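Fold and geometry: a report
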Amino acid sequence: MILGEFMKKSVLTLAVALGITSTSASAMDYFFQTGRSAGFGSAGTTYAHWSAAANYNPALIGAASGAKSDKDFYIVLPNLRGNLVTSESVDDISDTFENFEDLTDEFDDLDNIDLLEGDVSELQNTVNLSNDMVDAIQDLDGLGANGGFGVGAGIGASFKKFAIGFHMNSQFAGGGSANISGDDLTFLRRFTTLGQTLIDDVRPKYDRALELENELLAAEQSLLDLQNTSNPTPEDIAAAQLIVDNAQVTYNEALDLAEETKVTLTTVENDFGDIFDVENQSIKFSEDDLNSNGRFAAVGWFEVGTTIGSKWALKSGKTVSAGITLKSVHLEFYDYVASAASLDTDDIDGDDYRNTVDFATADLGILVSLDPQDKWRVGATVKNVSGETIESNPLRLPEGVDPLTFEVKPQVRVGTSYNGGWYRIAADIDVTEASGPTTSSGEEFFQGSQYANIGAVINAWNFVELRAGYRHNMASTDVANDSESSSGLVTLGAGLFLGPVQADLAIQASPDGDEAGMAFQTMITF
């Protein structure tokens, strides 16, 4: 129960921090990075420290077994990692949604304003607001963000025949995007057309009618003044006759104008009756008329497990290490959809928009040292040999919205590394893709992960390691979320060794600057 609440609050915090949301972390990369390996491209299948066996390859813990050394025990507290991908800054994303929401509320308030007989500035304001609404909804088009973060910890020990470790890992990946309806743009542009029609064709008639009415009232007052004259002169009678004649002309013009206005209003009602109330002379608008929406989906993963492994020496001098991780997983899936005009992460409640499932699975790994000095290694690992499927909570999705399905499938990675003493190089590649949430048609909501990684490490000094690498995501970019993750990441990192204490820091960034991430880890070994 406590873990479930932690998962719920953490994912919701991510949603708020990312603006609508914010992704991409590409789907869910089950090879959880550490502060050490993230610096050299996360190429950890054969080279990661044995404390990261549960993250990369269970056989790594087996390779640590055997003859006693001064590093037979480790404690990892903590391992932190995170990344963010946006087409714009998080603040800009939040501001864009807030601006659209404010404009929608302001436009919604226009439905009780008389546009034909009220202040003429209100009519111009309606045209300006409808134009602003079109611009705002176009700003939303393609807007999205993706992000992920994780926390890990572990403890382990190696012995002559085997090595064993216990770990906890949590990982969150979420993504949000705005889905803009072309019908909304057409709908809002009609208000601009309506407003301009009223300005050009209707409002002048109403203004002229008001002028004619004032002229007739003035004529009436003049006649009353003359009527009250006790002894009218011939000049007064002539003046009264002129007033009557002019008033008749004005009255005839008013009748003609009324007929023209009636015809014009009939045309307006035929063309814009769905958005203009002729009787009340005001627009008809509700944010419920808009079909555009924002969607946020997130996966929360929490696992605890045990990794055990051993190694065997071959007659050729090579060694084979193998390992297995047995783990219990708590999986949560969030899917929040709301009108773009009313989307507000403050409204998200985890219990309303999430589904959960618990399951057990295992990871398998093998590692082969190709020489007696254990310089050249090759290895392979399978993550999540048995999977699970989880879907959106259908009770919380708006009518007509396609639910999302997230499926945990086995993920296979192979790799190699070479230890040259003062330098090391490593590379690995995902054989299979970890997919993101998908629609019923098979379209992914945000990009999956299938990485090719390469990295290098050098001993700068006895107590400092410098690391660099590159990650390339080979997963398909045909996704529903327009902010899919960058295809490549440059990584840099460093490790500081102070006796039994080791601190590792890594940063990652895409060449185009739209994705960035970092990882930090502290570890004690003795």
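Description of the structure in this document. Every residue gets a number counted from 1 within its own chain, in the order that chain's sequence is written. The predicted origin of the model limits local features to residues at a pLDDT of at least 70 and limits the giving and counting of side-chain atom pairs to 80 or more, whereas totals for whole chains, interfaces and linings rest on all residues. Excluded from the side-chain calculation are hydrogens and water; included are all heavy atoms of the structure.

Quick look at the side chain of T439 now. Note on conventions: DSSP H or I runs of at least 4 residues are helices, E runs of at least 2 residues are strands, and numbering of each starts at the N terminus. Relative to the assigned elements, T439 resides in the loop between strand 13 (423-430) and strand 14 (451-461). Residues count as neighbours in contact if any of their non-hydrogen atoms are within 4.5 Å of one another. Non-local contacts of T439, meaning those with residues more than four positions away in its chain, are made with D402, P403 and L404.

The subject of this paragraph is the packing of helix 5 (residues 182-227) against helix 6 (residues 234-272). For helices, the axis comes from a line fit to the C-alpha atoms of the stretch in contact; other axes are also lines fit to C-alpha atoms, and the angle between any two N-to-C directions lies between 0 and 180 degrees. Direction vectors running N to C along helix 5 and helix 6 enclose 160°, while the axes themselves pass 9 Å from each other. Of the possible angle classes, the one that applies to helix 5 and helix 6 is roughly antiparallel. The way helix 5 lies across helix 6 gives a crossing that is left-handed. In what follows, roughly perpendicular refers to angles from 65 to 115 degrees, roughly parallel to angles under 35, roughly antiparallel to angles over 145, and oblique to any angle outside these ranges. Handedness of each helix crossing follows the sense of rotation of the near helix against the far helix: counterclockwise by less than a right angle gives left-handed, clockwise gives right-handed.

The salt bridge definition used is simple: a Lys or Arg side-chain nitrogen within 4 Å of an Asp or Glu carboxyl oxygen. Inspection of the entire model under this criterion finds 16 salt bridges. Among the salt bridges present, the one from E253 reaches R208, with a minimum N-O distance of 3.0 Å. Taken together, the residues E253 in helix 6 and R208 in helix 5 connect sequence positions 45 residues apart. Think of it in three bands: with a 1.4 Å probe and only protein chains considered, a residue is buried below 20% of the maximum accessible area for its type, exposed above 50%, and partly exposed in between. Judged by relative accessible area, E253 falls into the partly exposed class, the value being 33%. Note that R295 and D335 form a salt bridge whose closest N and O atoms lie 2.6 Å from each other. With R295 in strand 6 (residues 293-313) and D335 in strand 7 (residues 319-339), this residue pair connects regions lying 40 residues apart in the sequence. Like D335, R295 is buried. Members of the salt-bridge network, linked through shared partners, are R208, E211, E215 and E253.

Our next topic: the pairing of strand 12 (residues 411-419). Taken together, the 8 bridges between strand 9 (residues 376-383) and strand 12 define a ladder with antiparallel strand orientation. Bridging from a neighbouring strand, K383 pairs with Q411 of strand 12. The pairing criterion for strands is at least two bridges between them, as found by DSSP. In this sheet, strand 13 lies alongside strand 12 in antiparallel orientation, the contact comprising 7 bridges. When the sheet's bridge partners are listed, S417 is paired in strand 13 with A426. Once strand 12 ends, the chain turns through 3 residues before running back antiparallel as strand 13, passing G421 with a positive phi of about 90°.

Purely geometric numbers; function is a separate question.
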